[in-house]
Structure formats: structure tokens, C-alpha cells
Amino acid sequence: MNVVIIDDEPKARKLLKILIEENCPKVTAIFTAEDLLSGIEIIKEKQPQIVFLDIEMPEHSGLEIFDFIDETHRNFEIIFTTAYSEYAVKAFELSAVDYLLKPLRLDKLNDAIEKAIVNIGKSHINIKLDELQKSLKTSNFKKIALPVADGIKFVNFEDIILLKADGMYTKVNVLNTSEILISKPLKHFEELLDTIPMFYRPHRSYLINLKYIKEYYKKDGGYIIMDNNESVSISKDKKEEFLTIVQNIG
């Protein structure tokens with residue numbers, strides 16, 4: 001398996017190369033480049049399966065990679081290496097784009113490579129990257145990437161009515177759309193959406209969008225009816241907090 005490392009920092013390139021050589025036996029050849037354009041020439045020649053790509057580089061950002069590569073050469077996975085802020089990392093997660101934070105950690109590197117190997121040829125990285133670029137241009141994240149059977153579905157936060165736990169899966173109810181089953185646990189979405197004020201977890205099985213609450217009933221321990229008529233339970237320890245929140249809505 002061929003790997004290309006594109007990073008303008010010599011020490012960063014060298015460190016990543018050594019870590020891969022010593023810990024990733026599935027990688028048989030590693031090529032390096034100090035800028036995006038020279039890296040693209042290597043990609044076209046060597047046809048790697050994985051590209052490690054720095055974002056902040058002189059002349060051209062790593063995010064511009066598909067501006068210079070046609071679709072016939074886009075059969076590789078990208079793992080971004082970044083020292084970006086927490087704000088930018090949230091954009092990566094919401095766009096479902098793989099990344100490694102600098103300084104690099106060996107356990108994260110191994111996980112990223114294994115995930116990339118599984119996803120080669122089927123992760124729709126060009127679509128994800130387009131959405132990531134949009135997110136990084138504004139602090140107002142508006143969409144989340146949902147991995148579905150035939151690709152990636154980008155859904156506006158405002159259109160999500162609720163998310164419901166189903167074992168290690170999550171059922172996502174979206175406005176004017178049939179229910180979407182995602183192979184991620186509810187906790188994954190709770191962590192992704194923790195900075196979006198409109199989402200609230202009233203029960204371990206539900207994450208709801210507060211704007212779609214239709215009614216609240218006190219009987220049977222208290223429960224919520226959403227705009228799609230889904231009944232949502234409220235945990236005893238969340239009831240007081242929930243009532244405080246809804247009284248302040250609007």
C-alpha cells in the first residue's frame with residue numbers, strides 16, 4: 001500500500017514517515033512532498049491509497065487538493081494533519097472528514113490508517129471536503145454528515161426533529177424525510193452536537209431538537225410530543241432542567 005505525506009514542515013514529514021514505517025506494516029511505500037502541487041504530481045504518478053495532508057501550507061492549502069486533481073485520480077483516502085483550533089476540529093467531525101491533531105499520537109495514527117483502509121473507494125471524500133471547506137469559512141456550522149448506505153447525506157441542523165437510540169445504531173428523524181438509520185450510537189451525535197443549543201437530551205434514548213416540541217404532558221412521569229407525533233420520555237433527573245429550558249425558549 002502506497003502512502004503520500006504532504007507537509008511543508010520537514011520535521012513533521014520526517015516524524016510521520018518514521019511512525020508509519022515502524023508501526024504500520026500494511027504500508028509498503030511512503031513518498032513525501034513539501035507543498036501541495038509537488039504532492040499532487042506524486043499522487044498522479046504513484047497512485048497512493050492514503051494521503052496525509054497538512055492544511056496550512058504556503059501558496060496552497062491542503063483543502064484545495066481537488067482543485068488540481070481530476071476525478072480519475074481521486075481514488076485515495078485523505079487524512080488531514082492539523083494544529084487547528086477546537087472550532088476547526090468540530091468542522092472536521094461534522095463533515096465526517098478524518099484528521100490527526102499535531103502533535104501526532106501513535107494510537108490515533110493507527111486508528112486513522114485502519115479506518116482509511118476500510119473506506120478506500122467508498123467514503124465520497126470529495127463531497128465531504130466540499131462541505132468541510134464551507135464549514136471552515138464560517139463559525140456558523142449548519143449541516144451534519146450522515147453516512148448512509150449509498151454515500152453521505154448532509155442534513156441541516158434545523159431540519160433534524162430528533163435522534164433516537166437503537167442499540168449501537170441511531171434513528172434520525174428529519175423534516176419531510178423518511179427516518180434514516182445510521183450505524184453510529186446516539187452518544188456519537190450527542191458529542192458532535194453538544195455546542196448546538198437547539199439540541200437537548202431529555203432521556204438516554206433521545207436527543208431532540210427543541211424547536212420541534214409540540215406538547216409536554218405531566219402524566220405518566222412526564223413526556224414530550226414532538227411535531228412528528230413521536231412520544232419522548234423524560235428522565236426523572238432531567239425533568240426540572242427540561243422545564244427550565246422550555247420556559248426560556250423564545
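Residues numbered from 1 in each chain as written. Predicted model: local features only at pLDDT ≥ 70, side-chain atom pairs only at ≥ 80, totals over all residues. Heavy atoms only, no water.

## Some details on the overall build of the protein
Then, number 1: When you go through the protein residue by residue, the secondary structure sums to seven helices and 15 strands.
Then, number 2: Seen along its three principal axes, the alpha-carbon backbone of the protein occupies a region of about 65 × 30 × 30 Å.
Then, number 3: Among the 250 residues that make up the protein, the fraction classed as buried is 44%.
Then, number 4: Entry remark: accessible area of the protein is about 13400 Å², with carbon and sulfur atoms responsible for 48%.
Then, number 5: If you average the places of the 33 positive and of the 40 negative side-chain charges in the protein, the two averages end up 6 Å apart. (Helix = DSSP H or I, 4+ residues; strand = E, 2+ residues; numbered from the N terminus. Buried < 20%, exposed > 50% of the residue type's maximum accessible area, 1.4 Å probe, protein only. Areas by Shrake-Rupley, 256 points an atom, 1.4 Å probe, with all protein chains shown as cover. Lys, Arg positive; Asp, Glu negative; His and termini not counted. Charge placed at Lys NZ, Arg CZ, Asp CG, Glu CD.)

## A word on the pairing of strand β1 (residues 2-6)
Then, number 1: Extensive coverage of β1 is indicated by the burial of five of its five residues.
Then, number 2: As defined by bridge partners, β1 adjoins strand β2 (residues 29-33) across five bridges and the pair is classed as parallel. Residue pairing in the sheet places I5 in a bridge with T32 of β2.
Then, number 3: With helix α1 (residues 10-23) bridging β1 and the parallel β2, this β-α-β connection has right-handed handedness.
Then, number 4: Note that β1 and strand β3 (residues 50-54) share four bridges and pair parallel. Paired with V4 across the bridge in β3 is V51. (Pairing = 2+ DSSP bridges. Right-handed = clockwise from strand over helix to strand, strands pointing away.)

## Here we look at the UniProt feature "modified residue: 4-aspartylphosphate" (unreviewed entry) in the protein
Then, number 1: Following the UniProt record, the feature "modified residue: 4-aspartylphosphate" (unreviewed entry) maps to D54 here.
Then, number 2: With respect to the secondary-structure elements, D54 resides in strand β3.
Then, number 3: Excluding anything up to four places from it in sequence, D54 contacts I6, D7, D8, G62, T81 and K102. (UniProt positions renumbered as here; feature names shortened; annotations may be inferred. Contact = heavy atoms within 4.5 Å.)

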